[in-house]
Amino acid sequence: MAPCYDEKETRPSRERLREQNERLAEMIRIGYDASPYVKKVIDERGLTANAIKSVDDLEALPVISREKLVSLETVRPPYGGLTHPTLVTDRIFTSPGPVYEPHLSEHELWHRGYCAAGFKPGDIVLNTFSYHMVAAGLTFHEGLRSVGATVVPSGTSGTETQVQLIRDLKVTGYTGTPSFLMAIIAKAGELGFDFRNDFNLRRASFVAEPLQPSLRRRFEDEYGIDTYQMYGATEVGDIAYECHIKNGWHLCEDVIVEIIDPATGMKVPSGQLGEVVVTRLNNKFFLFRFGTGDLSRIIEEPCPCGRTSCRLDGIAGRVGDAVKVRGLFIAPSQLNKLKENFRNYLIQLVITREDFRDRLTVRMASTDEITSKEIALFDRVFQETCTIRPDDIEVTTTAELEGDNSLIIDRREWK
Ligand SMILES: [Zn+2]
């Protein structure tokens, strides 16, 4: 597939950074005058609107979680004092909380994601996101329109209706969640169709739900559907999208993404796991440092596709589900990835604390003998996957690990 780029996606990184710094400084200056909330946080910190000039200066501002946004909006409806008092917007969305969001951009949102996924004029795409109240339906609709695709706004119609639309309209693409596409495929089977041979649906772009590698293989190998992922949040719009290399998601041009330690709000060293915090560059909604609660890390190595933006290494889980060992997050999804690579082993992590230091022991067991060479390989892959080195690797019996099948046992006491 010929990749679809635009000039911004392939410009040198320093140009992108320069533009982002300029737009951020402008957003802060306008936000300080327009938004009572922004003025308050800057004044409280003894800063001036001119003090925040670059992406690195953002650390001086607090992270705003979804819960915090709900409480700000409850006190000062509808936008918590985060917009200009005279804001005019074409649409207002809601998401659970409730949170109210002004529509941020007339165009460009999700455009690059659909472009990178290969959607183009001539495609007829089923948009299965809800058009009611929430942002999803309409914003993905516009993203698809921006690449010239024809949209079937099927929304939350039942699977039988979706199958009928795919058949009657010769639908070529899908956008929605992976689980709903699987449900549609299952319904088609029940109705006596052979999904791959009877229908034309060959491309899918997923958002809002993780795509398990095993499900991706089924879509691609069994049903001949080329699959892509995009990532975003209603509060900030699109954040990242997958290219045809399918190894990480490129950061969008109009967002600043920081990976932080939720305990301190400070950036973690490059390549480490932390919370995804997003600032969308715009002069309507002054939501600086929105904390998504999602865990990921940044891939800085250049992507073979030619885009020069950094990539997010998927979503490793939610902040609350991960454990922190020696200051580094380990998420259950990382351990599941490890288990996929070492299918013959049972694995368990035990975390203890000795002399004020965390100690990480990995216990492993197999029905076959585990050689020292295998242990060394496991040690190396563990470090690559989890970015932390175990203190000990302990080989034990399968009976013992099956007795307590928790993946992570945290025995630390904080006295
Ligand atoms: Zn790429």
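Above this note sits the structure.
Summarised in this report is the structure supplied together with it. (Residues numbered from 1 in each chain as written. Predicted model: local features only at pLDDT ≥ 70, side-chain atom pairs only at ≥ 80, totals over all residues.)

1. Observations regarding the overall build of the protein chain
Turning to step 1, where the next piece is worked out: Across its full length, the protein chain carries 13 helices and 22 strands.
Turning to step 2, where the next piece is worked out: Expected size for 415 residues packed as a compact globule is a radius of gyration near 22 Å; at 23 Å, the protein chain falls within 12% of this value.
Turning to step 3, where the next piece is worked out: The principal-axis extent of the C-alpha atoms belonging to the protein chain is close to 65 × 65 × 40 Å.
Turning to step 4, where the next piece is worked out: Looking at the 415 residues of the protein chain, the share that counts as buried comes to 37%.
Turning to step 5, where the next piece is worked out: By sequence separation, contacts in the protein chain at least 24 residues apart represent 65% of the contacts at least 6 residues apart. (Helix = DSSP H or I, 4+ residues; strand = E, 2+ residues; numbered from the N terminus. Rg over C-alpha atoms; globule rule 2.2 N^0.38 Å. Buried ≥ 20, exposed ≤ 12 C-beta atoms within 10 Å, placed from the backbone. Contact = placed C-beta atoms within 7 Å.)

2. Description of unusual backbone geometry
Turning to step 1, where the next piece is worked out: With an omega of 0 degrees, the peptide bond running from Pro77 to Pro78 counts as cis.
Turning to step 2, where the next piece is worked out: Along the polypeptide, Pro78 turns up in the loop between α4 (66–75) and β2 (92–95).
Turning to step 3, where the next piece is worked out: For Arg289, which is not glycine, the phi torsion reads 55 degrees and is therefore positive.
Turning to step 4, where the next piece is worked out: Structurally, the position occupied by Arg289 is in the loop between β12 (274–280) and β13 (290–296).
Turning to step 5, where the next piece is worked out: Positive phi values are uncommon outside glycine, yet Thr387 reaches one of about 55 degrees.
Turning to step 6, where the next piece is worked out: By the element assignment, Thr387 lies in the loop between α12 (372–386) and β21 (392–395).

3. Quick notes on the sheet that holds strand β20 (residues 357–365)
Turning to step 1, where the next piece is worked out: Pairing is mixed in the open sheet, where four strands are placed in the order β21-β20-β19-β22. Only two strands of the sheet have a single neighbouring strand rather than two, namely β21 and β22 (408–410). Neighbour-to-neighbour, the strand axes of the sheet open up by a mean angle of 20 degrees, direction not taken into account.
Turning to step 2, where the next piece is worked out: Sheet topology places strand β19 (residues 346–354) next to β22; three bridges connect them, and they run parallel. The residue of β22 that forms the bridge with Ile351 is Asp410. (Pairing = 2+ DSSP bridges. Axes fitted to C-alpha atoms, helices over the stretch in contact; angles between N-to-C directions.)

4. Some remarks on the pairing of β12
Turning to step 1, where the next piece is worked out: By the criterion of burial, β12 is predominantly enclosed, with seven of the seven residues buried.
Turning to step 2, where the next piece is worked out: Pairing of strand β11 (residues 255–260) with β12, which is carried by six bridges, proceeds in the antiparallel orientation. Within β12, the residue paired with Ile259 across the bridge is Val276.
Turning to step 3, where the next piece is worked out: By the bridge criterion, four bridges tie β12 to β13 in an arrangement that is antiparallel. Residue pairing across strands places Val278 opposite Phe290, the latter belonging to β13.

5. Notes on the nonpolar core
Turning to step 1, where the next piece is worked out: Within the largest apolar cluster, 77 residues are counted, with the highest numbers of intra-cluster contacts made by Val125, Ile239, Ala240, Val278 and Leu287.
Turning to step 2, where the next piece is worked out: Setting aside its immediate chain neighbours within four residues, Ala240 contacts Tyr231, Trp249, His250, Leu251, Cys252 and Leu312.
Turning to step 3, where the next piece is worked out: Grouped together as the second largest cluster of nonpolar side chains are 21 residues, Ala322, Phe329, Leu338 and Cys386 included. (Core = buried A, V, L, I, M, F, W, Y, C linked by C-beta atoms within 7 Å.)

6. Quick word on the pairing of β21
Turning to step 1, where the next piece is worked out: In this structure, β20 lies alongside β21, joined through four bridges in parallel fashion. In the strand pairing of β21, Val362 is matched with Ile393.
Turning to step 2, where the next piece is worked out: Chirality of the crossover, the property in question, places the unit of β20, α12 and β21 among those that are right-handed. (Right-handed = clockwise from strand over helix to strand, strands pointing away.)

So yeah, pure geometry; function would need other evidence.
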